[in-house]
Amino acid sequence: MIRKIVNSAAALGASMFAATAAWAQDAAEAVGTPIAAATTEAAAAVPNPGNNAWMMTSTVLVLLMILPGLALFYGGLTRSKNMLSTMTQIGATAALAMMIWVMWGYGLAFGPEGNQYISWGKFFLAGITPDSTAATFTDEVISEYVFVSFQMTFAAITSALVLGAVVERMKFSAVMVFMTVWLTIVYFPIAHLVWEARGVFFVMGALDFAGGTVVHINAGVSALVAALMLGKRRGYPTEPMPPHSMTLTMVGTGLLWVGWFGFNAGSALEANGSAALAMINTFVATASAGLVWMLTERVMGHKGSALGLCSGIIAGLVAVTPAAGNSGPFGAIVLGAVASVVCYFAVSKLKPALGYDDSLDAFGIHGIGGMVGAIGTAIVFSPMFGGPGGDDFVIGDQLVTQALAVLATIAISAIGTAIAITIAKLVTGLRVSHEVEVEGLDIGEHGERAYN
Amino acid sequence: MKFIIAIIKPFKLDEVREALGAIGVAGMTVSEVKGFGRQKGQTEIYRGAEYSTNMLPKVKLEIAASDALAPQVVETIQQTASTDSIGDGKIFVLDLASTTRIRTGETGDTAL
């Protein structure tokens, strides 16, 4: 979500805490009532149909990122015997996240009662009607059902992203148990901390336009911990495991990019100038990152590859997520390029050196790219680099805030994932049998083949 | 009669086919095959992970020709399919015991 209220923050003071308290007050006056609190008192406000229509569109664009976008992107990268398993785990995880979101997820993240760490209320969407509204970042409102749906798709894609590290060996039943626990103890609390008006990092002024911490660092770190606990695929890294269809991966990449406009520009919560800024940045940061990944391959003595282009595109999209409405276009281009180079080395050098099997590089691209984006946002937000920050914006102070948000996200993701994986292991067991893993999860887990 | 088997680079297929048509070859069987020779394989790299494939895709031509035409067929394939680099392929010539056209039952050179 947008964090432009930070403009006035840096001026306010010597002590960070004094500053944030005063600024939270400022923010409440300047920006309108915080999301959750607004939903009751703004009953008289009527959503602008243009904003509502854009948010409905954005919401389904995020769904497009998951099914079929991420399913094809990840599916193409796996071996053909695990194609359906990969896509089915993604689809079912997204569906599960939607169910949980309307039962207790929305309440835990954005409920009316609560404190800086968690909220509650509105479980099973109690009390929400077609007339209910949610505040945006100006004095506009949108329909609360649209806000609930929009946020629901974020929970769905974040949980689906984690699967990139565990495909080709994790049981379907274990995925379902893991995700139920993980969403509850990791995703909803972090969404509350960063995006809800009372959340610790919202109040501190952490800049995270569309979910660099909540979605990407969270998914990436959780993916790494899950991969470590689950163990490597049989035969990794000696046996060749090349992608079975770069064609489908390329198709998925394109769908992800298109859908990401809903993700980033939709995070403005209105069809306004902030959404427009997020849109242009989602084009140019991504384009820059795609080309720079291929250039990096050339510099390292290889051919510029299709998977390189796709990987760069995703790295750029990830990095620009927190910066989408918080950067000028040229800041975004540099941010995308830096993220691309860093992610290149993370997946092609760091991963083999450390020996973990993050099968589809969920950590290497979403985790690492997310961190580059989150930290980099403190720099590109500055008006010195063409960002939308005020003249009094201080990069150093913001870097500290960003780093704190990143570290806290890493800690919660890692600990929560360890707990969720342990519970899944106790309930269902984590891995498929040796035989199923060799034969492929498509037949072993689902009784179907992707290609006949 | 001779039975000629040629393994060539896939992109040379059309050129070879046209050249053989021009010298009077009336038919052939073409298949996509994999194998290796001096060219060995090639390396694929996905996000830094290198895989070497030791079989390369080639095209196999099978042609039955009369004793009179056979040397010309071999020469034509050799000249057309050559790129002066390793991996251009090989041509094998075998003696062919008999040929029968299924539709008419004709045998020998008239069946070619």
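The model shown is predicted, which means the values in this text are computed figures rather than measured ones.

S.K.: Residue-level account of the environment of Ile118(A), with values.
M.R.: All names here are of chain A. Position of isoleucine 118 relative to the elements: it lies in the loop between strand 1 (113-114) and strand 2 (119-120). Residue isoleucine 118 is classed as partly exposed on the basis of its 18 C-beta neighbours within 10 Å. Note: C-alpha distance between isoleucine 118 and alanine 97 (21 residues apart in sequence) is 18 Å.

S.K.: Quick rundown of the sheet that holds strand 6 (residues 89-95) of chain B? Include the residues and the values.
M.R.: Residue and element names in this part refer to chain B. Ordered in space as 2-5-1-6, the four strands form an open sheet in which the pairing is antiparallel. At either end of the open sheet lies a strand with only one pairing partner, and these are strand 2 (29-35) and strand 6. Averaged over all pairs of adjacent strands, the angle between their axes in this sheet comes to 20°, without regard to strand direction. Pairing geometry for strand 1 (residues 2-8) and strand 6, over seven bridges, is antiparallel. Across the sheet, residue isoleucine 8 finds its bridge partner in strand 6, namely glycine 89.

S.K.: Give me the lowdown on the packing of helix 5 (residues 144-162) of chain A against helix 8 (residues 212-230) of chain A, citing residues and values where you can.
M.R.: Residues and elements named next belong to chain A. Between helix 5 and helix 8, the least distance of the axes is 8 Å, while the angle of their chain directions is 35°. For the pair helix 5 and helix 8, the crossing hand works out as right-handed. Where helix 5 approaches helix 8, its residues Phe154, Ile157, Thr158, Leu161 and Val162 are matched on the opposing element by Val215, Asn218, Ala219, Ser222, Ala223 and Ala226. Per-class residue counts for the contact of helix 5 with helix 8 are eight nonpolar, three polar and no charged.

S.K.: For the nonpolar core, give the residues involved together with the corresponding values.
M.R.: Residue and element names in this part refer to chain A. Ranked by size, the top nonpolar core spans 144 residues in total, and within it Leu70, Ile157, Ala165 and Val194 carry the most contacts. The element that contributes the greatest number of residues to this core is helix 6 (residues 172-195), accounting for 14 residues. In this structure valine 194 touches Gly199, Phe201, Phe202, Ala206, Asp208, Thr213, Val214 and Ala405, once residues within four positions along its chain are discounted.

Conventions we followed
- Residues numbered from 1 in each chain as written.
- Chains lettered and ligands numbered in written order.
- Predicted model: local features only at pLDDT ≥ 70, side-chain atom pairs only at ≥ 80, totals over all residues.
- Helix = DSSP H or I, 4+ residues; strand = E, 2+ residues; numbered from the N terminus.
- Buried ≥ 20, exposed ≤ 12 C-beta atoms within 10 Å, placed from the backbone.
- Pairing = 2+ DSSP bridges.
- Axes fitted to C-alpha atoms, helices over the stretch in contact; angles between N-to-C directions.
- Left-handed = near helix turned anticlockwise from the far one by under 90°.
- Contact = placed C-beta atoms within 7 Å.
- Nonpolar A, V, L, I, M, F, W, Y, C, P; charged D, E, K, R; others polar.
- Core = buried A, V, L, I, M, F, W, Y, C linked by C-beta atoms within 7 Å.

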